[in-house]
Amino acid sequence: MGDLMAAAAWGYTLIPAGAAIAGAAVAGNTRPGPNLVSAIQHFAAGVVFAAAAGEILPDVMHRGSPLATVIGGAIGVGVMLLVKQLENWAKGPVGLLAAIGIDILIDGLVLGIGFAAGPKVGLLLTIALTIEVLFLGLTVANELGESVRSRAKIVAITAALALLLPIGALLGTPIALLPDPILTGFFAFGLIALLYLVTEELLVEAHETPDRPWVTAMFFAGFLVLLLLEEAIG
């Protein structure tokens, strides 16, 4: 069962990894405007928030392990604050790539944790993280475009970063075999990681451009789209 779950998680990570590469390829040919980028960020934030609230949160609440929840959540807060500090220290393209690489690795880990919760959770998280990683691909291409002239090299660097997704997922899938309290702690960690992604990365960067009503509405559109997908999957 564990091997099958790991294979499924690894296979699904190819979807967001492909989205990151596609985003880099598109950005290499044309740079999206700031309003479009902000709209994508809002939409991605809504989708990820819906996945966290609708899939991971109920698992944490219904397992009846408050101590494991506190410990896992506290570790999640500590790790994400450390990631934020590393991003603040990052300088130049190398620092940016290192920070994005850590984000992608954690995304893969969260995806693996999602599959530990169940195939439906893993599938919905795949959809949510695909949109988020697509934006990361755009970010990498835009930043590297100022110093790297070769479009093929930019896409190759993005592809190398995208490989961290399946690595993270493979690290996360064996969690399903752990005792229930430890599993609850990992779910709490994944919940904090997703909420951090929404509140401290996607929405913060999205509001760097002047707000427009239709752009703001994209957050709620993303939230509703994932809810509808959840109902459709059943």
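Caption draft 1: Seen up close, helix α9 (residues 213-233). If you check α9, its first and last C-alpha atoms are 31 Å apart, about what 21 residues at 1.5 Å a residue would give, namely 30 Å. At Phe219, α9 shows its strongest bend, of approximately 25°. The complete set of buried residues in α9 reads Val215, Phe219, Gly222, Leu226 and Glu230. Structurally, α9 contributes buried residues whose contacts are with α2 (34-62), α5 (119-144) and α8 (180-206).

Caption draft 2: Up close: the nonpolar core. Ile56, Leu125 and Leu194 are the most contacted members of the largest nonpolar core, which totals 57 residues. Of all elements in the fold, only α1 (2-29), α2, α3 (66-89), α4 (92-117), α5, α6 (151-162), α8 and α9 reach the threshold of two or more residues within this core. Once you skip the residues sitting within four places of it in the chain, Leu194 turns out to touch Val48, Ala52, Ile56, Val110, Leu125 and Leu129.

Caption draft 3: Main features of the environment of His42. With respect to the secondary-structure elements, His42 resides in helix α2. Overall, His42 belongs to the buried group, its relative accessible area being 2%. The sequence separation of His42 and Leu171 amounts to 129 residues, and the corresponding C-alpha distance is 29 Å. Excluding anything up to four places from it in sequence, His42 contacts Leu203, Ala206, His207, Val215, Thr216, Met218 and Phe219.

Caption draft 4: Summary view of the environment of Leu227. As for its placement among the helices and strands, Leu227 is situated in helix α9. Look at Leu227 and you get partly exposed, because its relative accessible area is 27%. C-alpha separation for the pair Leu227 and Ala50, spaced 177 residues apart in sequence, amounts to 6.8 Å.

Caption draft 5: Examining α8 more closely. For α8, built from 27 residues, the straight-helix expectation of 39 Å at 1.5 Å per residue is met to within 8% by its first-to-last C-alpha distance of 37 Å. A maximum bend of about 30° is found in α8 at Val198.

Caption draft 6: Fine view of the packing of α5 against α9. The N-to-C vectors of α5 and α9 enclose an angle of 150°; their axes lie 11 Å apart at closest approach. It follows that α5 is roughly antiparallel to α9 by the angle criterion. The chirality of how α5 crosses α9 is right-handed. Judged by residue contacts, Lys120, Leu123, Leu124 and Ile127 of α5 engage Leu226, Leu229, Glu230 and Ile233 from α9. Looking at the contact of α5 with α9 residue by residue, the class counts come to 6 nonpolar, no polar and 2 charged.

Caption draft 7: Spotlight on a nonpolar patch on the surface. Together, Leu82, Leu86, Trp89 and Ile102 make up a nonpolar patch on the protein surface, roughly 380 Å² of accessible area in all. Among the elements that take part in the nonpolar patch, α3 stands out by supplying 3 residues, more than any other.

Cut-off values and rules
- In this numbering scheme, every chain counts its residues from 1 along its sequence in written order.
- Thresholds applied to this predicted model are a pLDDT of at least 70 for local features of residues and 80 or more for the giving and counting of side-chain atom pairs; totals over whole chains, interfaces and linings are not thresholded and use all residues.
- Only heavy atoms go into the side-chain values, all of them from the structure, while hydrogens and water stay out.
- To qualify as a helix, a DSSP run of H or I must reach at least 4 residues; to qualify as a strand, a run of E must reach at least 2; elements of each kind are numbered from the N terminus.
- One fewer than the residue count of a helix, multiplied by 1.5 Å, yields its expected span.
- Bend at a residue means the angle formed by two fitted axes: the first through the 7 residues ending at that position, the second through the 7 residues beginning there.
- Exposure categories follow from relative accessible area, calculated using a 1.4 Å probe and restricted to protein chains: below 20% of the type maximum is buried, above 50% is exposed, and the middle band is partly exposed.
- A contact between two residues is defined here by any heavy atoms of the two lying within 4.5 Å.
- Residue types Ala, Val, Leu, Ile, Met, Phe, Trp, Tyr and Cys, when buried and joined through side-chain atoms within 4.5 Å, form a set referred to as a nonpolar core.
- The axes are straight lines fitted to the C-alpha atoms, using for helices just the contacting stretch, and the angles between their N-to-C directions are given from 0 to 180°.
- Angle categories: roughly parallel below 35 degrees, roughly antiparallel above 145, roughly perpendicular from 65 to 115, and oblique for all the rest.
- Each crossing is labelled by how the near helix is turned from the far one, with a counterclockwise turn of less than a right angle marking it left-handed and a clockwise turn marking it right-handed.
- Gly is put with the polar residues, along with every residue not named as nonpolar or charged; the nonpolar set is Ala, Val, Leu, Ile, Met, Phe, Trp, Tyr, Cys and Pro, and the charged set is Asp, Glu, Lys and Arg.
- For patch building, the residue pool is restricted to those with more than 30% relative accessible area and no salt bridge; the joining distance is 9 Å between like charges and 5 Å between nonpolar side chains (Val, Leu, Ile, Met, Phe, Trp, Tyr).
- Each accessible area is a Shrake-Rupley result for a 1.4 Å probe, and residues are judged covered by the shown protein chains and nothing else.
- Salt bridges, as used here, are contacts in which a Lys or Arg side-chain nitrogen is within 4 Å of a carboxyl oxygen on Asp or Glu.

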